[in-house]
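One letter stands for each residue in the lines below.
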Amino acid sequence: MAAAGGGGEDPVEVQKKANLAMMELSNMIAVPMSLHAVVRLNVPAAIWQSGTNSPLSAAEILPLLRPPPPPSTDPGNLQRLLRLLASHGVFTEHLSPSGVRRFSLTPVGQTLVSAASSNGGGEDGPSYAAYVLQHHQDALVRAWPRLHEAVLDPAGPEPFARANGGTPAYAYYGGDGEANELMQRAMWGVSKPFMDAFLNGHAAAFAGVRTVVDVGGSSGDCLRAIMQRVPTVQRGVNFDLPEVVAKAPKYPGMTHVGGDMFKAIPAGDAIFMKWVLMTWTDEECMLILKNCYKALPEKGKVIACEPVLPEETDNSQRTRALLENDIFVMTIYRVQGRGRTEEEFRQIGLSVGFSNFKAFYSDHFYTILEFQK
Ligand SMILES: Nc1ncnc2c1ncn2[C@@H]1O[C@H](CSCC[C@H]([NH3+])C(=O)O)[C@@H](O)[C@H]1O
């Protein structure tokens, strides 16, 4: 119904849509929590079955769960989760004429299965499933109801530390074997497909480089991918916190070095750093980049892969994913750690002495930033 005089939308209709939009926003927590539940129950792998991806009903999925519930279990609740996630593009719903709902994995859902898409490596190999579990473990979830405290006390501890007896997230992972292992799996699950594409398009960045240092390299898998792909890189130094490198697997040509990037970074011809800077304040980023500068030869480069915020706010999926990540950092890692714009990264790089800065937008989430000495 058109509004009187002016062709705008009927105000009653505008109000109804606003009510609906707010109802959706208020209950949106159901989406990541349902995602967490299906990953925890191993639903994606049960449907995928080595690439079959045949549509299955909730009743057919139940006995395939790990561990399976008793045979008499009502499949109704699983179907409710599957329907919600189908409406968010994780599953495709196939409705039979008799009313049976079956579900297969969309390309989005397939990111949760290692054997799907480019991830490879068997059903327990790298995938986004570990990232979903990492982000929704109790210690992290506990931080979210305290987000407003970051607004009231911007110089204070992050909600994660407030909710976990004062312990910051990296110290928490380091002190808990399971959380440490999950963090490493989560990072590699997301980084693997990015690294494949990055090395397809950007391996030339390592031309003439013999030693690469990966700062905050976690399990060392990103560095291993670089070493496998760029034959001139003969030595790799995987640099991370001592508790992290203690658990990292050994690879030929790679040395694991435990330390603190705020104190010193091992020397190399080039420094790779992925998903590190966003976690820290401007001053901390300057300190990290200054230590990189010291560790590099003349003309040496830092190749950093970071989420870079757009200047303008819109409702695109990319902007939302980047802004959601920005709030995640505020909540879990550092109240003043944050996503930055390209210009902010340029200024931080120039301020610590790098003479040249370039940004490359080939991925939708990470931007490749090169700081040249
Ligand atoms: N002070 C520090 N010194 C060195 N590494 C750190 C420090 N604080 C955090 N980290 C590491 O920084 C990493 C950030 S997560 C990113 C992991 C990896 N580069 C990837 O993209 O897949 C974690 O592995 C942390 O343990």
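Calculation notes
- Residues numbered from 1 in each chain as written.
- Predicted model: local features only at pLDDT ≥ 70, side-chain atom pairs only at ≥ 80, totals over all residues.
- Heavy atoms only, no water.
- Helix = DSSP H or I, 4+ residues; strand = E, 2+ residues; numbered from the N terminus.
- Buried < 20%, exposed > 50% of the residue type's maximum accessible area, 1.4 Å probe, protein only.
- Contact = heavy atoms within 4.5 Å.
- Areas by Shrake-Rupley, 256 points an atom, 1.4 Å probe, with all protein chains shown as cover.
- Pairing = 2+ DSSP bridges.
- Right-handed = clockwise from strand over helix to strand, strands pointing away.
- UniProt positions renumbered as here; feature names shortened; annotations may be inferred.
- Phe/Tyr/Trp six-rings, centres within 6.5 Å; stacked < 30°, edge-to-face > 60°.
- Axes fitted to C-alpha atoms, helices over the stretch in contact; angles between N-to-C directions.
- Near = heavy atom within 4 Å.
- Polar contact = N/O pair within 3.5 Å; in protein donor to acceptor, adjacent residues only side chain to side chain.
- Core = buried A, V, L, I, M, F, W, Y, C linked by side-chain atoms within 4.5 Å.

As annotated in an unreviewed UniProt entry, the protein carries the name Quercetin 3-O-methyltransferase 1 and comes from Elaeis guineensis var. tenera.

Counting its regular elements, the protein contains 17 helices and 9 strands. Taken along the three principal axes of its C-alpha coordinates, the protein extends 70 × 60 × 45 Å. Split into buried and exposed, the 373 residues of the protein put 47% on the buried side. Long-range pairs, those at least 24 residues apart, make up 62% of the contacts in the protein between residues at least 6 apart in sequence. For the protein, the exposed surface amounts to about 18,200 Å²; the carbon and sulfur share of it is 57%.

Our focus in this paragraph is the pairing of strand β3 (residues 211–215). By the criterion of burial, β3 is predominantly enclosed, with 5 of the 5 residues buried. Judged by which residues are buried, β3 turns out to be covered on both faces: Thr211, Val213 and Val215 on one side and Val212 and Asp214 on the other are all buried. When β3 meets strand β4 (residues 235–240), the two strands line up parallel, connected through 5 bridges. By the bridge assignment for β4, Thr211 is matched with Arg235. For the crossover from β3 across helix α13 (residues 221–229) to β4, the handedness is right-handed.

Most peptide bonds take the trans configuration, and most residues that are not glycine carry a negative phi. Of note, the amide linkage connecting Arg66 to Pro67 takes the cis form, showing an omega dihedral of -10°. Here Pro67 lies in the loop between α4 (58–61) and α5 (76–87). At Asn53, a position not held by glycine, the phi torsion is positive, near 50°. Within the fold, Asn53 resides in the loop between α3 (43–48) and α4.

Before going further, it helps to examine the UniProt feature "domain: O-methyltransferase C-terminal" (unreviewed entry) in the protein. UniProt marks residues 144–355 with the feature "domain: O-methyltransferase C-terminal" (unreviewed entry), using the numbering shown here. Secondary structure over residues 144–355 splits into 45% helix and 13% strand, and the C-alpha atoms at its two ends are 40 Å apart.

On to the environment of Leu84, then. Positionally, Leu84 belongs in helix α5. Placed 53 residues apart in sequence, Leu84 and Val31 show a C-alpha to C-alpha distance of 7.3 Å. With near-sequence residues (within four places) excluded, Leu84 lies in contact with Ala30, Val31 and Ser34.

What follows concerns the packing of aromatic side chains. Each aromatic ring pair is described using two quantities: the centre-to-centre distance and the angle formed by the ring planes. Counting across every chain of the model gives 20 aromatic pairs. A centroid spacing of 6.3 Å and a plane angle of 70° characterise the contact between Tyr172 and Tyr173, whose relative ring orientation is edge-to-face. In this structure Tyr173 comes out as buried when scored by relative accessible area, which is 2%. The interplanar angle of 70° and the centroid separation of 6.0 Å between the aromatic rings of Phe328 and Tyr333 together place this pair among those described as edge-to-face.

The next subject is the sheet that holds β4. Here we have 7 strands laid out as an open sheet, ordered β5-β4-β3-β6-β7-β9-β8, and mixed in their pairing. The sheet terminates laterally at β5 (254–258) and β8 (356–360), the two strands that pair on one side only. Sheet twist, expressed as the mean angle between neighbouring strand axes with direction ignored, is 20°. Here β3 runs beside strand β6 (residues 270–274); their pairing, made up of 3 bridges, is parallel. Note that in β6 the partner of Asp214 across the bridge is Phe272. Of the strands in this sheet, β7 (301–307), β8 and β9 (366–372) are in contact with helix α17 (residues 342–351), which crosses β8 at around 155°.

A separate point is the site of the ligand. Not every one of the 17 residues close to the ligand is listed here, only the nearest: Ser191, Gly216, Asp240, Asp260 and Lys274. The side chain of Asp240 places a nitrogen or oxygen atom 2.6 Å from an oxygen atom of the ligand. Met261 places a main-chain nitrogen or oxygen 3.0 Å from a nitrogen atom of the ligand. Burial of the ligand by the protein chains amounts to 96% of its free accessible area of 570 Å².

Bringing the UniProt feature "domain: O-methyltransferase dimerisation" (unreviewed entry) in the protein into the picture now. Per the UniProt record, "domain: O-methyltransferase dimerisation" (unreviewed entry) is found at residues 23–114. Along residues 23–114 the backbone is 45% helical and 11% strand, and the end-to-end C-alpha distance reaches 35 Å.

Here we come to the nonpolar core. By size, the foremost hydrophobic cluster in this structure holds 47 residues, and its most contacted members are Met195, Phe198, Phe206, Phe272 and Ile332. Broken down by element, this core gets its largest block of residues, 11 residues, from helix α12 (residues 177–202). Beyond its immediate sequence surroundings of up to four residues, Phe198 is in contact with Ala203, Phe206, Phe272, Ile303, Cys305 and Ile368. Trp280, Leu289, Leu296 and Ile348 belong to the second largest nonpolar core, which has 27 residues in total.

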